[in-house]
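Observations on chain architecture
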Amino acid sequence: MNFKKEIFQVIQSNKEKGIELLFELYSQKLNNYAIYNWKVNEDVSWDLIYKTIYKVAETINLYEFENEQKFGSFIFKIFINYLRNHFRDTKTANQGVEEVELSNQIINGYQHEEQAISPNEKLKSLQLELDLLEDWQRILLLLRSQGMTYKEISRYVDKPEEQLKVYYARLKEQLTNKLINKQTKFKRNAK
């Protein structure tokens, strides 16, 4: 089958090219499905698409598919599982945030007047800091946050596997410190 040769052989011979092929063939369909059927924002949609494509590329050798339609169904099944997990995690996280906010309001019978940084401001700060990083650094942070091993990541960033752990720790620490500093400055300016 032409389909089988194209996808499976490309992924087996060159995983990066295989991921590009999967992305070209399925990303727009998945994005439209997530936005229109699940009503997620575009950032969440793309994040879940990347997770799905990397998962398919990792596990494709474990399965056999009769045709492209069965393979497409397999991809959609993985994507839907990621969507469900996202909604479950978001619901759980939001419940925890609401409980903390309510308990803070009840303490001493009044609301704290201290201005907090809105989640949008935090995301903007994070995006600005990520934009300042080199491509390989962003890729390292993204793939490691998705649980990918340093060995797998080294194929995408062209850096030695042994050094990636050090790079990751440094990047994470630098990013955290910069975001904390911005948050502190914001709170000082708000007073």
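This structure is a prediction, so every number in the text was calculated from the model and none was measured. Numbers given for residues are sequential positions, taken from 1 along each chain in its written order. Local features in this predicted model are restricted to residues whose pLDDT is 70 or higher, and side-chain atom pairs enter the listing and the counts only when it is 80 or higher, whereas totals over whole chains, interfaces and linings include all residues. Computation of side-chain values: all heavy atoms of the structure, hydrogens and water removed.

**Some points on the packing of helix α6 (residues 135–145) against helix α7 (residues 150–157)**
- As a rule, the C-alpha atoms of each element are fitted with a line to give its axis, helices using only the stretch in contact, and angles between N-to-C directions run from 0 to 180 degrees. Think of it this way: any DSSP run of H or I at least four residues long counts as a helix, any run of E at least two long counts as a strand, and we number them from the N terminus. Interaxial distance between α6 and α7 falls to 10 Å at its minimum, and their mutual angle equals 150 degrees. Judged by the angle between their axes, α6 and α7 are roughly antiparallel. In terms of crossing hand, the pair formed by α6 and α7 is right-handed. Mapping the contact onto sequence places Trp136, Ile139, Leu140, Leu143 and Arg144 in α6 and Tyr150, Ile153, Tyr156 and Val157 in α7.
- Grouping the amino acids of the contact of α6 with α7 by side-chain chemistry returns 8 nonpolar, no polar and 1 charged. The labels follow the angle: roughly parallel below 35 degrees, roughly antiparallel above 145, roughly perpendicular from 65 to 115, and oblique for the rest. Note on convention: the crossing is left-handed when the near helix lies turned anticlockwise from the far helix by less than a right angle, right-handed when the turn is clockwise. Whether two residues are in contact is decided by their heavy atoms, any of which lying within 4.5 Å being enough. Amino acids outside the nonpolar list (Ala, Val, Leu, Ile, Met, Phe, Trp, Tyr, Cys, Pro) and the charged list (Asp, Glu, Lys, Arg) are all regarded as polar, and Gly is one of them.

**Re the packing of helix α2 (residues 15–37) against α7**
- At a minimum axis separation of 10 Å, α2 and α7 run at an interaxial angle of 80 degrees. Between α2 and α7, the interaxial angle falls into the category roughly perpendicular. Within the contact between the two elements, α2 uses Lys15, Glu16 and Ile19 and α7 uses Glu152, Arg155 and Tyr156.
- Its residues assigned to classes, the contact of α2 with α7 comprises 2 nonpolar, no polar and 4 charged.

**Describing the nonpolar core**
- As used here, the term nonpolar core means buried Ala, Val, Leu, Ile, Met, Phe, Trp, Tyr and Cys residues forming a set that is joined through side-chain atoms within 4.5 Å. Only protein chains enter the area calculation, which uses a 1.4 Å probe; residues under 20% of their type maximum are buried, those over 50% are exposed, and those in between are partly exposed. In this structure, Leu22 and Phe71 are the most contacted members of the largest nonpolar core, which totals 39 residues.
- Element by element, the count of residues in this core is highest for helix α3 (residues 42–59), at 7 residues.
- Not counting residues within four places of it along the chain, the set of residues in contact with Leu22 comprises Ile7, Ile11, Ser27, Ile53, Val56, Ala57, Phe71 and Ile75.

**Focus: the pattern of salt bridges**
- Between Lys or Arg on one side and Asp or Glu on the other, a salt bridge is scored when a side-chain nitrogen of the former is within 4 Å of a carboxyl oxygen of the latter. Enumeration over the complete set of coordinates arrives at 4 salt bridges.
- Across the pair Asp47 and Lys51 runs a salt bridge whose closest N-O atoms are separated by 4.0 Å. Of this pair, Asp47 and Lys51 both sit in helix α3, 4 residues apart, which is roughly one turn of the helix.
- What makes Lys51 partly exposed here is its relative accessible area of 27%.
- Taking the shortest distance from any N to any O, the salt bridge between Arg138 and Asp135 comes out at 2.3 Å.

**Considerations on the packing of aromatic side chains**
- Only the six-membered ring of Trp is used, alongside the rings of Phe and Tyr, when aromatic pairs are assigned; centres must lie within 6.5 Å, and planes under 30 degrees apart are stacked while those over 60 apart are edge-to-face, with the rest tilted. The final tally for this structure, using the stated rule, is 9 aromatic pairs.
- Taken together, a centroid distance of 5.6 Å and an interplanar angle of 10 degrees make the contact between Phe23 and Tyr50 stacked. Here Phe23 is found in helix α2, whereas its partner Tyr50 is found in helix α3, with 27 residues between them in sequence.
- In this structure Tyr50 comes out as partly exposed when scored by relative accessible area, which is 35%.
- A ring pair is formed by Tyr63 and Phe74, whose centres lie 4.7 Å apart and whose planes are at 50 degrees; its orientation type is tilted. Of this pair, Tyr63 sits in the loop between α3 and α4 (68–106) while Phe74 sits in helix α4, and the two are 11 residues apart along the sequence.

**Overview of the side chain of Lys15**
- Here Lys15 lies in helix α2.
- In this structure, Lys15 is buried with no salt-bridge partner, the nearest side chain bearing the opposite charge being Glu152 at 4.2 Å.
- In this structure Lys15 touches Val10, Ala57, Glu58, Glu152, Arg155 and Tyr156, once residues within four positions along its chain are discounted. A positive count includes Lys and Arg, and a negative count includes Asp and Glu. His and the chain ends are not counted in either.

**Side note on unusual backbone geometry**
- A positive phi is found at Lys39, a non-glycine position, where the angle reads about 55 degrees.
- Position of Lys39 among the secondary structure elements: in the loop between α2 and α3.
- Of note in this structure, Asp158 is not a glycine but carries a positive phi near 55 degrees.
- Mapped onto the elements, Asp158 comes out in the loop between α7 and α8 (161–190).

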